[in-house]
Amino acid sequence: MNKVRLLEFTYLFCLKILSLLVPVLSEKRPFIGFMVASEKALKKPLFGCQMCGQCILHYTGMVCPMGCPKNLRNGPCGGVRSDGNCEIKPNMNCTWVRAWDNSTQMMVFTESIEEIQTELDHSLSGTSAWINELGGGK
Amino acid sequence: MTNKHASNLAQRLETGLFTVTAEVTLPDSIEKEALASRAHILEPYCDAINITDSTGAVPHFSNIAAASILIENNIEPIIQFSCRDRNRIATQADVIGAHAMGVRNIFCVTGDGVQTGDHPEAKAVFDLDSVTLLTTINHLKTTGKFLSGRELDSKPDFFLGAAVNPFVPPFEQRALRLLKKHRAGASFFQSQYCFDISRFESFLLLLLELTNGSPPPVLVGVGPLRSARFARWLTENVPGVAIPDHIINQIEKYPEKEQKKAGIEACVKIVEGVKNLTGVAGIHIMAHDWESSVSEIVEATGLTKTGRNN
Ligand code: SF4
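Numbers given for residues are sequential positions, taken from 1 along each chain in its written order. Chain A is the first chain written and ligand 1 is the first ligand written, with later ones labelled in order. At least 70 in pLDDT is required for a residue's local features to be given in this predicted model, at least 80 for side-chain atom pairs to be given and counted, and no such filter applies to totals for whole chains, interfaces and linings, which use all residues. Heavy atoms from the whole structure form the basis of all side-chain values; hydrogens and water molecules are not counted.

Caption draft 1: Spotlight on the overall build of chain A. Scanning chain A from N- to C-terminus turns up four helices and zero strands. In DSSP terms, a helix is any run of H or I states spanning at least four residues, a strand is any run of E spanning at least two, and both are numbered starting from the N terminus. Element order for chain A, N to C, with α for helix and β for strand: α-α-α-α. Taken over C-alpha atoms, the radius of gyration comes to 15 Å for chain A, in line with the 14 Å a tight globule of 138 residues would show. Taking the principal axes of the C-alpha coordinates as reference, chain A spans close to 50 × 35 × 25 Å. The proportion of buried residues among the 138 residues of chain A is 46%. Contacts were defined at the residue level, with two residues in contact if any of their heavy atoms lie within 4.5 Å. Taking all contacts inside chain A whose residues are at least 6 apart in sequence as the whole, residues at least 24 apart take part in 60%. We get accessible surface area from the Shrake-Rupley algorithm with a probe of 1.4 Å; when it comes to residues, only the shown protein chains can shield them. Roughly 7,200 Å² of accessible area belongs to chain A as shown, and the carbon and sulfur atoms make up 59% of that amount. Charged-residue counts in this description rest on Lys and Arg as positive and Asp and Glu as negative, His and the chain ends being excluded. By convention, the point assigned to a charge is CZ for Arg, NZ for Lys, CD for Glu and CG for Asp. In chain A, 14 positive and 12 negative side-chain charges are present, and the distance between their average locations comes to 9 Å. For the radius of gyration, the atoms used are the C-alpha atoms, and the globule rule reads 2.2 Å times the number of residues raised to 0.38. Burial classification: accessible surface area is computed with a 1.4 Å probe over protein chains only, and a residue below 20% of its type maximum counts as buried, one above 50% as exposed, and the rest as partly exposed.

Given below as structure tokens:
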């Protein structure tokens, strides 16, 4: 299995388990602490996670859009270099070129990249994205 | 202008009339006249004039002030808003203020990074992206409410546009990105500088396929290169501008004094190559600091107001 599919599979697996746990535990302090700590510990090294608290990795080919220096969440800017590198960081691949490539390799979420992402809620920064998604709380 | 259309530009594009827009270079001046005189050079040749929003991350004349000056001069502006300098609070405040000044055409762009400009130490905002900028203004338009839900006294009547750049990667995705912006509220599109007709054609084919032959109106961005040196600078320093070598070499063949003419000829060729393509609603001329070239391009391509409207 390639890396993108493996990550997608892991996401679906976590979603299954956490959709059972989060609704029950999302108010419990130790659980919240555990979720924040584990998201930081896992998603930071894997995706360069910035803890925006509104994870959309599976919409963007499992590439974190917050890695884009303009924090774009709906697709690439018009400044991508001819070699596919970033306008602002010339030595970095454009986040959205990678996201687009990866999304075509996904099994379930291939077309999710076309969905409109709403503006980021900055008040959720630093909180658990899983709890925000499944527990409905801030 | 009828009540049905938000603006003259909207009326033209919505009724399928070939449209010419142009960008005015905002002067580093503190006088109204400095801008008005430039806009008057363009006005006889185009249907509306784009006002940029400190493009290239270099501070210029305020976009709202510039648009108001154009309106005072009976010229219809297309005002650009970028995501670089304003958060959602400032953006909503500014667009309704612009509406009060008579602005109807709003063009939403991401904006260049601050690194591009002459204040690279500035803090970039990017609270919104071009798509959420569109959804935010479209929300004001369709509901008459701010994002927070607070109500305005009536609904603003905007005609929203957005940028498309088919000339940089990821190429296969650019038509889909245009359609995402269309779903977010954009009713018309202006492209980045087109120097590569075949690249534009493949983009257009895909767009036509995805929309069953009826895409939203797209104006092709064109512009004259005043010298080979300027062309190199443009392609190396302005994000998103891709100029194929053969175009630069073609201009370079001429002695420096004649390169301006060669630049206009190259631009005319591009306009001729795109103006009749299915799916092209018009052209958008960006003649940076060279307003006088617009008349030559429009006349040479038969796109004067009388030429187009007959
Ligand atoms: S080039 Fe890509 S990564 Fe860089 S700012 Fe633009 S969209 Fe973001």
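Alright, that's what it looks like, and here's the rest.
Caption draft 2: Structural context of the layout of surface pockets. Residues and elements named next belong to chain A. Buriedness of a pocket was judged along seven lines, with at least five required to meet protein on both sides within 12 Å; pockets are open sets of points on a 1 Å grid over the protein atoms alone, cavities are sets where a 1.4 Å probe fits but cannot get out, and lining residues have an atom within 4 Å of a point. Grid points are joined across faces, edges and corners, and a volume is the space filled by probe spheres set on the points. The space that makes up the second largest pocket amounts to roughly 460 Å³. Around the second largest pocket, the lining comprises 20 residues; the ones closest to its centre are Thr 10, Cys 14, Leu 42, Lys 43 and Trp 130. Of all the secondary-structure elements, those providing two or more residues to the lining of the second largest pocket are helix 1 (3–25), helix 2 (29–47) and helix 4 (129–134). Take the lining of the second largest pocket: its biggest share by element is eight residues, from helix 2. The residue classification treats Ala, Val, Leu, Ile, Met, Phe, Trp, Tyr, Cys and Pro as nonpolar and Asp, Glu, Lys and Arg as charged. All others, Gly included, are polar. Residue classes in the lining of the second largest pocket are distributed as 14 nonpolar, three polar and three charged.

Caption draft 3: Broad picture of the sheet that holds strand 2 (residues 48–51) of chain B. All names here are of chain B. At least two bridges found by DSSP between two strands is the condition for calling them paired. Judged by pairing direction, the barrel is parallel, and its eight strands sit side by side in the order 1-2-3-4-5-6-7-8 before closing back on the first. The mean inter-strand angle of the sheet, taken between neighbouring strand axes irrespective of direction, is 25°. In this structure, strand 2 lies alongside strand 3 (residues 77–82), joined through three bridges in parallel fashion. Within strand 3, the position partnered with Ile 49 by the bridge is Pro 77. All axes are obtained by fitting lines to C-alpha atoms, using only the stretch in contact for helices, and the reported angles, taken between N-to-C directions, cover 0 to 180 degrees. Contacts from helix 6 (residues 174–183) reach strand 5 (159–164), strand 6 (188–193) and strand 7 (218–222) within the one sheet, and its direction differs from that of strand 5 by about 165°.

Caption draft 4: Examining the side chain of Ser68(B) more closely. Locating Ser68(B) in the fold gives a position in helix 3 (residues 63–72). Under the rule applied, a polar contact is a pair of N or O atoms within 3.5 Å (in protein, one hydrogen donor and one hydrogen acceptor; residues adjacent in sequence only if both atoms are side-chain atoms). Among the polar contacts made by the side chain of Ser68(B), one reaches the main-chain carbonyl oxygen of Ile64(B) at a distance of 2.8 Å.

Caption draft 5: Spotlight on the site of the ligand. Residue and element names in this part refer to chain A. Any residue with a heavy atom positioned within 4 Å of a molecule or strand is treated as near that molecule or strand. Lining the immediate environment of the ligand, one finds 13 residues, of which Cys 68, Cys 77, Cys 86, Glu 87 and Cys 94 sit closest. Structurally, the ligand is housed in the second largest cavity. Residue classes in the shell around the ligand are distributed as 10 nonpolar, one polar and two charged. For a molecule to be placed in a cavity or pocket, more than half of its atoms must lie within 2 Å of the grid points of that cavity or pocket.

Caption draft 6: Structural view of the pattern of salt bridges. Residues and elements named next belong to chain B. We count a salt bridge whenever a side-chain nitrogen from Lys or Arg sits within 4 Å of a carboxyl oxygen from Asp or Glu. For the coordinates displayed, the defined rule picks out 16 salt bridges over all chains. The salt bridge partner of Lys 32 is Glu 72, with a shortest N-O separation of 3.1 Å. Remark: Glu 72 occurs in helix 3 and Lys 32 occurs in helix 2 (residues 32–42); sequence separation between them is 40 residues. Note on Lys 32: relative accessible area 46%, which makes it partly exposed. Put simply, Arg 84 and Asp 85 hold a salt bridge, and the shortest N to O gap is 2.8 Å. When its relative accessible area of 3% is taken as the criterion, Arg 84 is described as buried. A relative accessible area of 41% places Asp 85 in the partly exposed class. Each of Arg 12, Asp 47 and Arg 308 takes part in one network of salt bridges that share partners.

Caption draft 7: Seen up close, the interface of chain B and chain A. Across the boundary between the two partners, chain B contributes 31 residues, which contact 27 residues of chain A. Around 2,300 Å² of area is buried between chain B and chain A when both sides are counted, 57% of it from carbon and sulfur atoms. Of all residues in chain B, the largest losses of buried area upon contact with chain A belong to Asp129(B), Pro169(B) and Lys180(B), amounting jointly to 21% of the total for that side. Between the two partners, chain B and chain A, sit zero salt bridges. Our enumeration of links across chain B and chain A arrives at 15 residue pairs in polar contact (both at pLDDT 80 or more). Of all the secondary-structure elements, those providing two or more residues to the side of chain B that touches chain A are helix 5 (130–143) and helix 6 of chain B. In terms of residue count, helix 6 of chain B provides more of the side of chain B that touches chain A than any other element does, five residues in total. Tallied by class, the residues present in the side of chain B that touches chain A amount to 11 nonpolar, 11 polar and nine charged. Buried area is calculated as the accessible area (1.4 Å probe) missing from two parts once they are joined, with the contributions of both summed.

Caption draft 8: Layout of helix 6 of chain B. Burial analysis of helix 6 of chain B places eight of its 10 residues in the buried class, which makes it a mostly covered element. Restricting attention to buried positions, one finds in helix 6 of chain B the residues Arg174(B), Ala175(B), Leu176(B), Arg177(B), Leu178(B), Leu179(B), Lys180(B) and Lys181(B). Residues of helix 6 of chain B that are buried make contact with helix 3 (95–103) of chain A together with helix 5, strand 5, strand 6, helix 7 (197–210) and strand 7 of chain B. Phi turns positive one or two residues past the end of helix 6 of chain B, at Gly185(B), with a value near 130°.

Caption draft 9: Expanded view of the packing of aromatic side chains. In this analysis, rings of Phe, Tyr and Trp, with Trp reduced to its six-membered ring, are considered paired at centre separations within 6.5 Å, and the interplanar angle assigns stacked below 30 degrees, edge-to-face beyond 60, and tilted for intermediate values. Applying the stated criterion to the full structure yields eight aromatic pairs over all chains. Note on Phe167(B) and Phe200(B): the rings are 6.2 Å apart at their centroids and 25° apart in plane angle, and the pair reads as stacked. Taken as a pair, Phe167(B) in the loop between strand 5 and helix 6 and Phe200(B) in helix 7 lie far apart in primary sequence, 33 residues in all. Taken together, a centroid distance of 6.1 Å and an interplanar angle of 20° make the contact between Phe230(B) and Trp233(B) stacked. Of this pair, Phe230(B) and Trp233(B) both sit in helix 8 (residues 228–237), three residues apart, roughly one helical turn. Judged by its relative accessible area of 46%, Trp233(B) falls in the partly exposed class. Pairwise contacts between aromatic rings join Tyr11(A), Phe109(A) and Trp130(A) into one cluster. Two thresholds decide whether a charge sits over a ring: the Lys NZ or Arg CZ must be within 6 Å of the ring centre and within 35 degrees of the ring normal. The aromatic ring of Phe171(B) is capped on one face by Arg199(B), whose charged end is 3.5 Å from the ring centroid.

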